[in-house]
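# Structure assessment
Here is what each chain is made of, one letter per residue.
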Amino acid sequence: MAFSKGYRIFHKLDPPPFSVIVEARNRDECLMFESGAVAVLSSAEKEAIKSSYSKVLDAYGLLGVLQLNLGDSMSNYLVLVTGCMSVGKIQDSEVFRVTSTEFISLRMDLPDEDRMSEVRKVLNSGSFYFAWSSTGDGLDLSLNAHRSMQEQRTDNRFFWNQSLHLHLKHYGVNCDDWLLRLMCGGVEIRTIYAAHQQAKACIISRLSCERAGTRFNVRGTNDNGQVANFVETEQVIYLDDCVTSFIQIRGSIPLFWEQPGLQVGSHRVRLSRGFEANAPAFDRHFQTLLRLYGSQVIINLLGSKEGEAILSRAFQNHLKASEHAADIPMVNFDYHQMVRGGKADKLQSVLKPKVSKFLEECGFFFLDKNGVHRTQTGTIRSNCLDCLDRTNSVQSFFGLEMLIKQLEVLGLAEKPQLVTRFQEVFRSMWSTNGDSISKIYAGTGALEGKAKVRVRLYWYKPGMAFNLRCCLD
């Protein structure tokens, strides 16, 4: 069954009270929103009242209810996906990028167009994805392949419209039956033919919503140890009933720091807390990484000039003074100094030997058709100042290095032409992945700055600050 606009939205203006109902294709029940409450109506209940409703629009899916505080009252809006684009299929699920959304007021009043347009810009930016399956049991994009096989619950770090689900949950509605889950980041999917087999090659980057915002506005860590621009990137291949996945992570330096001013390329860096005041958040950050991902190695790509040097030294000193000093090694690699003129040979000759033993020990996830699997027991945590261009380059380097081993366990490494094809496809996807992350955090594409799309996660009005995470996490 093809994905289509399977939701119909109706409203009743008269007689009061104002009411909205939502019908879903292949579902007898409907949702009714009335007087601030939500109810699931049976088929008979729906038919008894439907004649007094008029159709508003059709939609591909529901994201939930956005609640805005208007001071002395709350205004609720039903958020709908009205446009989307398929980016490919993974197993039984199809992954879609959101391209347009609509907001239906759940009260008979005029919507706050200023706020709606700002939230709509973000949702329509091309950075949000959801998965759909005709069986109703779609892929959970918040989970990497390993965690998905363990049948773990949705990873709330990457579940961007979680708060939009809360209104329906409050009234006992099963959100899995009615609402989509959004992931923010980048998804690239390609099909590669290997004789009679069809492999799905994917790069999936999941941006955390825990400390969301654009660079210059959001840097470093918060008191919970959650850092800006934290991204989990998965290089994964699906082949028949086998899957292999390699995870890398990135994130801002877990200290309290900022860059005064808005000049791109400025080297001014200011540490906003003293050494002792930074320590608790620093420790919490790495405790979380060890719990979620296992062993860690830090690749610090900061340079030796001006503010970057100050920040780099602070990072190294905090690690040495922390409880993780003996367990988490840090590799300092001045990327700008080492990779001058775009020559990447030092990545192979200098950086790789320093982490090759760690990669060998931690490996990657693999599950074969018989259920036999190996797990990835640790991750590389890469960072530069913004965790963008330099980090993209290093992550793609290690991804392509690990690709050969992933192809070997799948039995696809015997033909050089096929290996070359995989390398070409993944190299292209890594480049596009870098652009996707850069657009979200910096407003422009990575590397060559090919795209000039501005994505604002924060907007401001006099006396009030409102951010996407407040709406969507």
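So, here's what we can say about the structure. (Residues numbered from 1 in each chain as written. Predicted model: local features only at pLDDT ≥ 70, side-chain atom pairs only at ≥ 80, totals over all residues. Heavy atoms only, no water.)

Across its full length, the protein chain carries 12 helices and 22 strands. Its C-alpha atoms give the protein chain a radius of gyration of 24 Å, within 12% of the compact-globule value 23 Å for 473 residues. C-alpha atoms of the protein chain, sized along the principal axes, occupy 75 × 60 × 40 Å. Surface summary for the protein chain: the accessible area is close to 21,000 Å², and the carbon and sulfur share equals 47%. Separation of charge centres in the protein chain, based on 55 positive and 51 negative side chains, amounts to 6 Å. (Helix = DSSP H or I, 4+ residues; strand = E, 2+ residues; numbered from the N terminus. Rg over C-alpha atoms; globule rule 2.2 N^0.38 Å. Areas by Shrake-Rupley, 256 points an atom, 1.4 Å probe, with all protein chains shown as cover. Lys, Arg positive; Asp, Glu negative; His and termini not counted. Charge placed at Lys NZ, Arg CZ, Asp CG, Glu CD.)

Residues Phe398, Phe422 and Phe426 are the most contacted members of the largest nonpolar core, which totals 42 residues. Secondary-structure elements contributing two or more residues to this core are strand 10 (183–194), strand 11 (197–207), strand 12 (231–239), strand 13 (242–250), strand 16 (295–300), helix 9 (345–362), helix 10 (389–409) and helix 11 (416–441). Ignoring any residue separated from it by four or fewer positions in sequence, one finds Phe426 in contact with Ala201, Cys202, Ile203, Gln235, Val236, Ile237, Leu400 and Leu403. Listed in part, the 34 residues of the second largest apolar core include Val119, Cys184, Ala212 and Ile437. (Core = buried A, V, L, I, M, F, W, Y, C linked by side-chain atoms within 4.5 Å. Buried < 20%, exposed > 50% of the residue type's maximum accessible area, 1.4 Å probe, protein only. Contact = heavy atoms within 4.5 Å.)

Here we take up the environment of Ala194. One can find Ala194 in strand 10. Taking the C-alpha atoms as reference points, Ala194 and Leu412, separated by 218 residues in sequence, lie 7.7 Å from one another. Those residues in contact with Ala194 that sit more than four places away from it in its chain are Leu412 and Leu418.

On to the state of the cysteines. Tallied over the full model, the rule gives zero disulfides. With no disulfide of its own, Cys209 lies 9.1 Å from the sulfur of Cys184, the closest cysteine sulfur. (Disulfide = S-S within 2.5 Å.)

Pairing is possible between side chains of opposite charge, provided their charged atoms come close. For the structure shown, the criterion picks out 19 salt bridges. A salt bridge links Asp155 to Arg157; the shortest N-O distance between them is 2.7 Å. Residue class for Asp155 comes out buried when judged on its relative accessible area of 7%. Notably, a salt bridge pairs Asp223 with Arg273, separated by 2.8 Å at the nearest N-O pair. Of this pair, Asp223 sits in the loop between strand 11 and strand 12 while Arg273 sits in the loop between strand 15 (270–271) and helix 6 (275–293), placing them 50 residues apart in sequence. A relative accessible area of 32% means that Arg273 is categorised as partly exposed. One network of salt bridges, in which partners are shared, links Arg147, Asp155, Arg157, Arg206, Glu232 and Glu234. (Salt bridge = Lys/Arg side-chain N within 4 Å of Asp/Glu carboxyl O.)

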